[in-house]
Number of protein chains: 2
Amino acid sequence: MTDLFEPLDDHPAYRQVANAIERKIVARALRTGDHLPSETDLARQFGVNRSTVREAIRELEIQGLIGRGRGEKRLKVTRPEPQRVSSDVSRALALHDVTFQELWEAMMALEPAAAEYAAARRTPAELQALTRAAARFRRDAGDTAAAVAAVVEFFTAVAKASGNRVLSLSQAPLNLLLAPALTQMIDRLAQARRRIQEAQEQITAAIRRKDRAEARTWMEKHIRDFKRGFDLRPILTAADEPSGRRKGGR
Amino acid sequence: MTDLFEPLDDHPAYRQVANAIERKIVARALRTGDHLPSETDLARQFGVNRSTVREAIRELEIQGLIGRGRGEKRLKVTRPEPQRVSSDVSRALALHDVTFQELWEAMMALEPAAAEYAAARRTPAELQALTRAAARFRRDAGDTAAAVAAVVEFFTAVAKASGNRVLSLSQAPLNLLLAPALTQMIDRLAQARRRIQEAQEQITAAIRRKDRAEARTWMEKHIRDFKRGFDLRPILTAADEPSGRRKGGR
DNA sequence: AGTGGCAAAATTGTCGGACAGTCGGATTAT
DNA sequence: ATAATCCGACTGTCCGACAATTTTGCCACT
């Protein structure tokens, strides 16, 4: 049944190098913003070829642990952008063909909680971001793509306002999955737009006046509404942009 | 205020190659299990050097889109392992110094939902995994490290039993964060172990008899209990390596 | 036809060395 | 000081190579 010995995983040099650097970073020996030695120098220190170092660096760069500002040459330690992480997650979910039902259940768990905390803790700036997102939906309701983007923006703003980064990062991937699904469904339901708008307004109002219970309740209604167009088929994400964007300045 | 031009993000060849392959994968043109062409061949097709292809491959490998079985040479398309993805997320959260409070709130949102769905949908096998995890906690309660691992295993089993991969993948990173926090706190509260055990038993029982409401309620109690040892400080993750403290440079 | 075995062909992991295009910093002119 | 300029340090790519394995094609044997 179980083999007596499990294969000792061999560690290619590039992986060892990557791990070595990663350890320094998570242990905070290399702190955010610090500059890394040059590739040549790293190659010398590790006693490997620059090509090898290069592959290692690629790993860390992808994971968002190191990177460089636009136009900068020197690498520096960065913290993984939530955006990058969440797009990885959502892509993984999409590749696993999760159903809308699964997505919906997760949203039902997270979003109302986020709304509640948002009502409790939102800052004026966050509130403003919220109202702006809602306004954008109202304005762009006609344009399906823009409307969907506005919905995502709204959820993102609520999560941000919750002041809870764990909640926020957990919720972000759901948005990315919601977008394609919502795009297909928003046109199928005549009153979808009106209901979304109403919900957004109620939620925003509740968060404005710091009414936690009401914020949660309306968010629940809002999410529940999505279930109308729900469908058991896997969510399709095919046609959109590949994820790995670099950090952008807006 | 808004710049007229946005910085044109440069696309290094290795990134373009990586994106090209990624697109094929997410579009399902390359399906899970398919073998990729050899590095040399890819280099020829893309018209770049093998080293460049190699860096691109490294990206995809890290993202879990491609990989190879132990001892295999040829690359094949794989689906990102939830485990890998969630450890990335939790590392990101840890690097952002999230507080236990944030973690706790997120757990409070996810775990009861997972428990409820688990009660509704658990298979016999999943139920067994649950009882085994609970049993393990009971047995290892004395050994802090093992006890913590058992707690994590229990949560994981519940999430798995929920039959919802989104929920499951959203919850997984939280476990990884919980572990170090729990390790510190479990010893501070005398009755912590007893209460955990009781909760696990109640939850398991509720899930066994498919009592959704009870499963949720007990999970809420269970999570709420964790708050006792709660603390506003950032969660400390494996501050293992004593290295790096020494020389400053800077 | 199915199997086992074996040598040749193909591949990966690493290494060295090169070169053009840039970025960072020091240098010098305003 | 500030701005224009120059040079060295680096990164992105490419070539070419080689040992260690894997994969594959082929042939003999049951």
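Remember, it's a predicted structure, so these values are computed and weren't measured experimentally.

Colleague: What am I meant to see in the packing of aromatic side chains here?
Modeller: Counting across every chain of the model gives 4 aromatic pairs over all chains. Between Phe-155 of chain B and Phe-226 of chain B, the aromatic rings sit 6.1 Å apart at their centres with planes inclined by 55°, giving tilted as the arrangement. Of this pair, Phe-155 of chain B sits in helix H7 (residues 144-161) while Phe-226 of chain B sits in helix H10 (residues 212-226), and the two are 71 residues apart along the sequence. Exposure remark for Phe-226 of chain B: the relative accessible area of 4% places this residue in the buried category. Joined through ring pairs, the aromatic side chains of Phe-154, Phe-155 and Phe-226 of chain A make up one cluster. Above the plane of the ring of Tyr-14 of chain B lies Arg-58 of chain A, whose end atom (NZ or CZ) is 4.1 Å from the centre. Sitting over the ring of Trp-104 of chain B, Lys-227 of chain B keeps its end group 4.3 Å from the ring centre.

Colleague: Which parts of the structure should I look at to understand the side chain of Asp-140 of chain A?
Modeller: Looking at where Asp-140 of chain A falls in the secondary structure, it is placed in helix H6 (residues 124-140). In this structure Asp-140 of chain A touches Ala-146 and Ala-147 of chain A, once residues within four positions along its chain are discounted.

Colleague: What exactly am I supposed to notice about the protein's contact with DNA strand D here?
Modeller: Close to DNA strand D lie 17 residues, the nearest being Arg-50 and Arg-54 of chain A together with Ala-13, Asn-49 and Thr-52 of chain B. Among the atoms of DNA strand D close to the protein, meaning within 4 Å, 67% are from sugar or phosphate groups. The backbone of Glu-39 of chain A places a nitrogen or oxygen atom 3.1 Å from a phosphate oxygen of DNA strand D. One nitrogen or oxygen atom from the side chain of Lys-73 of chain B is found 2.9 Å from a base oxygen belonging to DNA strand D. At the level of elements, helix H3 (50-62) of chain A together with helix H1 (13-26) and helix H3 (50-62) of chain B are the ones that each hand at least two residues to the surface near DNA strand D. For the surface near DNA strand D, the element with the highest residue contribution is H3 of chain B, accounting for 3 residues. For the surface near DNA strand D, the residue count by class is 4 nonpolar, 5 polar and 8 charged.

Colleague: How do you make sense of the interface of chain A and chain B when you look at a structure like this?
Modeller: The figure often quoted for interface size is the accessible area lost as the parts come together. The partner chain B presents 58 residues to the 60 residues of chain A that form the contact. Interface of chain A and chain B: buried area, both sides summed, is about 5,600 Å²; carbon and sulfur atoms make up 55% of it. Inspection of the region where chain A meets chain B yields 12 salt bridges. Two residues, Glu-22 of chain B and Arg-91 of chain A, come together in a salt bridge whose shortest N-O distance is 2.9 Å. Secondary-structure elements contributing two or more residues to the side of chain A that touches chain B are helix H1 (13-26), H3, helix H4 (82-95), helix H5 (100-121) and helix H8 (165-186) of chain A. The dominant element in the side of chain A that touches chain B, judged by the number of residues it contributes, is H5 of chain A, at 11 residues.

Colleague: Even after reading the chapter, I still don't get the relation of the copies chain A and chain B, so can you show me in this structure?
Modeller: Between the two chain copies there is a screw-like relation: a rotation about an axis and a shift along it. The two copies are related by a screw motion: chain A maps onto chain B through a turn of 180° and a shift of 0.1 Å along the axis, at an RMSD of 0.2 Å. Taken together, the rotation and translation relating the two chain copies correspond to the operation of a two-fold axis. Same-surface contact between copies: 85% of interface residues of chain A are shared with the interface of chain B.

Colleague: Quick question: what am I supposed to make of the protein's contact with DNA strand C here?
Modeller: The environment of DNA strand C is formed by 19 residues, the closest being Ala-13, Asn-49, Thr-52 and Lys-73 of chain A together with Arg-54 of chain B. Arg-50 of chain B is positioned with one of its side-chain polar atoms (N or O) 2.8 Å from a base oxygen of DNA strand C. Arg-54 of chain B is positioned with one of its side-chain polar atoms (N or O) 2.4 Å from a phosphate oxygen of DNA strand C. Among the secondary structure elements, those contributing two or more residues to the surface near DNA strand C are H1 and H3 of chain A together with H3 of chain B. The class makeup of the residues in the surface near DNA strand C is 4 nonpolar, 5 polar and 10 charged.

Colleague: Quick question: what am I supposed to make of H4 of chain A here?
Modeller: Residues lying three or four places apart along an α-helix face the same way, a consequence of the helix completing one turn every 3.6 residues. Over its 14 residues, H4 of chain A extends 20 Å from the first C-alpha to the last, a length consistent with the 20 Å expected when each residue adds 1.5 Å. For H4 of chain A, the tally of buried residues reaches 11 of 14 residues, placing the bulk of the element in the interior. If you check which residues of H4 of chain A are buried, you get Val-85, Ser-86, Ser-87, Asp-88, Val-89, Ser-90, Arg-91, Ala-92, Leu-93, Ala-94 and Leu-95 of chain A. Tucked inside the fold, the buried residues of H4 of chain A contact H8 of chain A together with H1, helix H4 (82-95) and helix H8 (165-185) of chain B. Looking one or two residues beyond H4 of chain A, the residue adopting positive phi is Asp-97 of chain A, at roughly 55°.

Colleague: Would you explain the side chain of Glu-126 of chain A in this entry?
Modeller: All names here are of chain A. Take Glu-126: it is sitting in helix H6. Nearest to the buried, unbridged Glu-126 among oppositely charged side chains is Lys-160, at 6.0 Å. From its side chain, Glu-126 meets the backbone nitrogen of Thr-123 in a polar contact 2.9 Å long. Setting aside chain neighbours within four positions, we find Glu-126 in contact with Arg-121, Lys-160 and Ala-161.

The rules we used
Residues numbered from 1 in each chain as written. Chains lettered and ligands numbered in written order. Predicted model: local features only at pLDDT ≥ 70, side-chain atom pairs only at ≥ 80, totals over all residues. Heavy atoms only, no water. Phe/Tyr/Trp six-rings, centres within 6.5 Å; stacked < 30°, edge-to-face > 60°. Helix = DSSP H or I, 4+ residues; strand = E, 2+ residues; numbered from the N terminus. Buried < 20%, exposed > 50% of the residue type's maximum accessible area, 1.4 Å probe, protein only. Lys NZ or Arg CZ within 6 Å of the ring centre and 35° of its normal. Contact = heavy atoms within 4.5 Å. Near = heavy atom within 4 Å. Polar contact = N/O pair within 3.5 Å; in protein donor to acceptor, adjacent residues only side chain to side chain. Nonpolar A, V, L, I, M, F, W, Y, C, P; charged D, E, K, R; others polar. Buried area = accessible area lost by both parts, 1.4 Å probe. Salt bridge = Lys/Arg side-chain N within 4 Å of Asp/Glu carboxyl O. Least-squares fit on C-alpha atoms with pLDDT ≥ 70 in both. Expected span 1.5 Å × (residues − 1). Lys, Arg positive; Asp, Glu negative; His and termini not counted.

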